[in-house]
Amino acid sequence: MEAVITVFKKELHRIFKDKKMLFSTFVLPVFIMIIIYGLVGNMTEKLQKEMSQYSPSVYIVNSTDKIQKAMAGPVLDLSRVSEIDGMAAEDTKELIKAQAADLLIVFPASFDADIENDSGMPNVEIYYNPDNMNSANAYTMYLEMMQDQVYKSYLADKVGGADKLDIFTVNMKADGEASYELSDEDNSGSQMLATLVPYMVVILLFSGAMSMGTDIIAGEKERGTMASLLLTPAKRSSIAMGKLLALTVITVISATLYSVTMVIMVPKAMGEALTGGGFNITVGQGAMVFAIIIALAFFYVNVVTLVSVFAKSVKEAQSYTTPFMILVVIAGVLTMFNSFSSGGQNIFLYAIPVYGSALCLSDIFSGTAAVGGFAVNVICTLLISVLLTMVISRVFDNEHVMMNS
Amino acid sequence: MIQVNNITKIYKYSLKMKRELNTKETHRKAVEKLSFTVKDGEIFGLLGTNGAGKTTTLRCIATLLKPTEGDITVNGLDTVKDAAKVRERLSLLTNDVRLDPQFTPDYLFDFFGHMREIPDDIIAARKEELFRYFDVNRYADKKIEELSTGTRQKISLAISMIHDPDIVIFDEPTTGLDIITASSVLDYLLDLKKKGKTILISTHIMSEAEKLCDRIAVLVDGRKVAQGTLPELLEETEADNLEGAFFKYFRDNSKEVERWRL
């Protein structure tokens, strides 16, 4: 046991007493994340502001007073709407292609009459340039306006008044105070973060284990320092265990730091309205998250160690672990699609390492976690990890692997 | 006492190694039917060119490798069955076994002391004694990566002697060292001999073997081709010195002799 603790302390000492290592492992990635998400946030905010202030240049063919009246309203800024005749339509299309104009709306010449007399179904054509963001946005807004505001205006004329269009209401009580949201306040997290955070946690944990694990195992072999450890009377399994535990601690700390940074910075980067501005979880849920992270970190560390131990150098170890990184990303991505989520119904899915953990985390953050799924995931992940640890201990006894002989 | 009994060590080539070495061979015999005994309190030398099997033999004795055939005992303990107990009693120092460059000599001395479950007070006393002997106290708090090759070798030697082993195995003790450091390392080995330690070294430096070794075994292509004291080897080959004797053994026994044009 003393050997396990001694190796454990040495590996932690390697990281925490070395300023350069400490900086590159914990401080720099967090710093980079803050800068990147901060920049993305600023740019997104700037873009949204510009978009909200932009008034698209729109050209309308065959506009009538009735059409203008139907389009008028508080929703859209119509200050740059111009009426043109049909002859100029082709020139306007060229302007839109050249991104010098945003939209061309062509009403049939007999639009009002066709509707009034029920003579056919007049078709309104809206031309835009999808490569031009302003044009694409204008298209979306004007299409919605045509299908809603203009459509209703013409329909109201046909049925004899706008009040005749209202036949029922939804969520409109007279007192205006009624709330129809029934979510538990503790679980009122945003769905976006509940989807994004598990995905990022499973990936960040693996990248932490990968960068440290390859150095602690393959790096020791490459530097020739592993042999000096193997020359001590300590059991090879104790040496392996000490390294695995230290790696797990380092991986958990780095992943926790990265995840906390992300939870704080992502709403800023993507807009608080979009992400809900964060989420609240109870102490119990927090403990569940921590247990899943520890089990998953131990699993990752075992995988990375087992792969690294067969490599002669850090570079070789990193190339061996890259396919596992791809598998982790795939498992993370799968949980982002609700159709794949078991929602606590199929408990066997929680037994799958990585995927089950991401599923569990997603359940917790969206407030639908079940103890059964959580328990199955943590127990299975730890059991598989222990099996891998036993294999690693055997491999540490293998001279062909350890001495590259 | 070290007893090497008829050991053979075969390295199997993986597909990757075969590609790297550009060979169709499936294996390489590094050591073949090798036997010798190192008596208590003597310095025994393994003499041979690169690839003669010296390092493999020392690694087998130090329990880092297992012989494919034959067996080795160290003070009566089998190196395969009682590997941990053997490691308690011996020390191996080789250029391939290095110290972690990120740590200080002070930290590493304590670390290896704890790995051998030596009490703290004994670790402190041994550290003071060995660091003073090798005159490395002033480097105790510097990182290994900041030290010169010679200082690193002295610190490696000090750390490898932390448990005051009965048996010291030294692979190429002076390779890569400047003449002053090399001389102090050789003096240390002679000091250890005076203290009754059993010492096994491998070398291809003839003057080193002449100066240190009570008995010498000459290895050629993984096989022992001669063994004896320096006068015995000189008499058998009718050579003036060990270098001459070694060339004679090499010419008579090496499959590579044509390539070397000897």
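Glancing now at the overall build of chain A. Helix and strand counts for chain A come out as 15 helices and four strands. Evaluated residue by residue, chain A yields a buried proportion of 36% over its 405 residues. For chain A, the share of sequence-separated contacts (at least 6 apart) that also reach a separation of at least 24 residues comes to 77%.

So, on to the domain arrangement of chain A. If you check the domain split of chain A, you get domain 1 (2-31 + 190-402) and domain 2 (56-165). Between the C-alpha centres of domain 1 of chain A and domain 2 of chain A there is a distance of 56 Å.

Glancing now at the interface of chain B and chain A. Across the contact, 22 residues belong to chain B and 19 residues belong to chain A. Going through the elements one at a time, helix H3 (83-89) and helix H4 (105-115) of chain B are the ones with two or more residues in the side of chain B that touches chain A. For the side of chain B that touches chain A, the element with the most residues is H4(B), which contributes four residues. A per-class count over the side of chain B that touches chain A returns 12 nonpolar, two polar and eight charged.

Contact pair helix H1 (residues 2-16) of chain A / H4(B): the axes reach a minimum separation of 9 Å and the direction vectors enclose 160 degrees. Between H1(A) and H4(B), the interaxial angle falls into the category roughly antiparallel. Handedness of the crossing formed by H1(A) with H4(B): left-handed. Touching A:Glu2, A:Ala3, A:Thr6 and A:Lys10 of H1(A) are B:Phe111, B:His114 and B:Met115, all from H4(B). Residue composition of the contact of H1(A) with H4(B), grouped by class: three nonpolar, two polar and two charged.

Looking now at H4(B). Among the 11 residues of H4(B), nine are classified as buried, and the element is accordingly described as predominantly covered. Within the span of H4(B), buried status applies to B:Pro105, B:Leu108, B:Phe109, B:Asp110, B:Phe111, B:Phe112, B:Gly113, B:His114 and B:Met115. In this fold, the buried residues of H4(B) make contact with H1 of chain A together with helix H5 (120-133) and helix H6 (149-160) of chain B. Positive phi appears at B:Glu117, one or two residues downstream of H4(B), with a value of about 55 degrees.

Residues and elements named next belong to chain A. Taking strand neighbours across the sheet as the criterion, the four strands line up as E2-E1-E3-E4 in an open arrangement whose pairing is mixed. The sheet terminates laterally at strand E2 (81-84) and strand E4 (125-128), the two strands that pair on one side only. Direction aside, the axes of adjacent strands within the sheet are offset by 20 degrees on average. Sheet topology places strand E3 (residues 103-106) next to E4; four bridges connect them, and they run antiparallel. Paired with Leu 103 across the bridge in E4 is Tyr 128. Of the strands in this sheet, strand E1 (58-61), E2, E3 and E4 are in contact with helix H4 (residues 89-97), which crosses E3 at around 150 degrees. Set on the sheet, helix H6 (residues 133-159) makes contact with E1, E3 and E4; between it and E4 the angle comes to about 160 degrees.

Before going further, it helps to examine the confidence of the model for chain B. Residues and elements named next belong to chain B. Averaged over every residue, the pLDDT of chain B is 89; residues scoring 70 or more account for 97%. Across chain B, the secondary-structure element scoring lowest on mean pLDDT is helix H11 (residues 257-260), at 59, and the one scoring highest is H4, at 95. For this predicted complex, the interface score ipTM comes out at 0.87, alongside a pTM of 0.76.

Another aspect to go through is the environment of A:Gly372. The residue A:Gly372 is located in helix H14 (residues 371-396) in this model. Measuring from C-alpha to C-alpha, the distance between A:Gly372 and A:Ile293 comes to 17 Å, with 79 residues separating the pair along the chain.

All names here are of chain B. Examined against the element boundaries, Asp 214 turns out to sit in the loop between helix H8 (206-212) and strand E9 (215-220). Given 15 C-beta atoms within a 10 Å radius, Asp 214 is considered partly exposed. The sequence separation of Asp 214 and Gly 228 amounts to 14 residues, and the corresponding C-alpha distance is 8.5 Å.

Looking now at the sheet that holds E9(B). Residue and element names in this part refer to chain B. Strands sit in the order E6-E7-E8-E3-E9-E10 across an open sheet of six strands; the sheet is mixed. Pairing within the sheet leaves two strands with one partner each, and these edge strands are strand E6 (90-93) and strand E10 (223-228). Strand-to-strand twist across the sheet, computed as the mean angle between neighbouring axes with direction ignored, equals 15 degrees. One ladder, built from four bridges, connects strand E3 (residues 43-47) with E9; its direction is parallel. Paired with Leu 47 across the two strands is Val 218, which belongs to E9. With respect to the sheet, helix H10 (residues 242-253) is in contact with E3, E9 and E10, its orientation differing from that of E9 by roughly 35 degrees.

Once that is clear, we can look at the environment of A:Met336. Residues and elements named next belong to chain A. In this structure, Met 336 sits in the loop between helix H12 (314-334) and helix H13 (355-365). Given 14 C-beta atoms within 10 Å, Met 336 falls into the partly exposed group. Here the alpha-carbon distance between Met 336 and Lys 312, two residues 24 residues apart in the chain, equals 37 Å. Apart from the residues lying within four places of it in its own chain, the contact partners of Met 336 are Thr 195 and Tyr 199.

Turning our eyes to something else, we now look at unusual backbone geometry. Residue and element names in this part refer to chain A. The phi angle at Gln 99 is positive, at roughly 65 degrees, despite the residue not being glycine. Relative to the helices and strands, Gln 99 is located in the loop between H4 and E3. By the C-beta count within 10 Å, which is 13 here, Gln 99 ends up partly exposed.

The rules behind the values
- Residues numbered from 1 in each chain as written.
- Chains lettered and ligands numbered in written order.
- Predicted model: local features only at pLDDT ≥ 70, side-chain atom pairs only at ≥ 80, totals over all residues.
- Helix = DSSP H or I, 4+ residues; strand = E, 2+ residues; numbered from the N terminus.
- Buried ≥ 20, exposed ≤ 12 C-beta atoms within 10 Å, placed from the backbone.
- Contact = placed C-beta atoms within 7 Å.
- Domains from an automatic or database assignment.
- Nonpolar A, V, L, I, M, F, W, Y, C, P; charged D, E, K, R; others polar.
- Axes fitted to C-alpha atoms, helices over the stretch in contact; angles between N-to-C directions.
- Parallel < 35°, antiparallel > 145°, perpendicular 65-115°, else oblique.
- Left-handed = near helix turned anticlockwise from the far one by under 90°.
- Pairing = 2+ DSSP bridges.
- pLDDT = per-residue confidence, 0-100.

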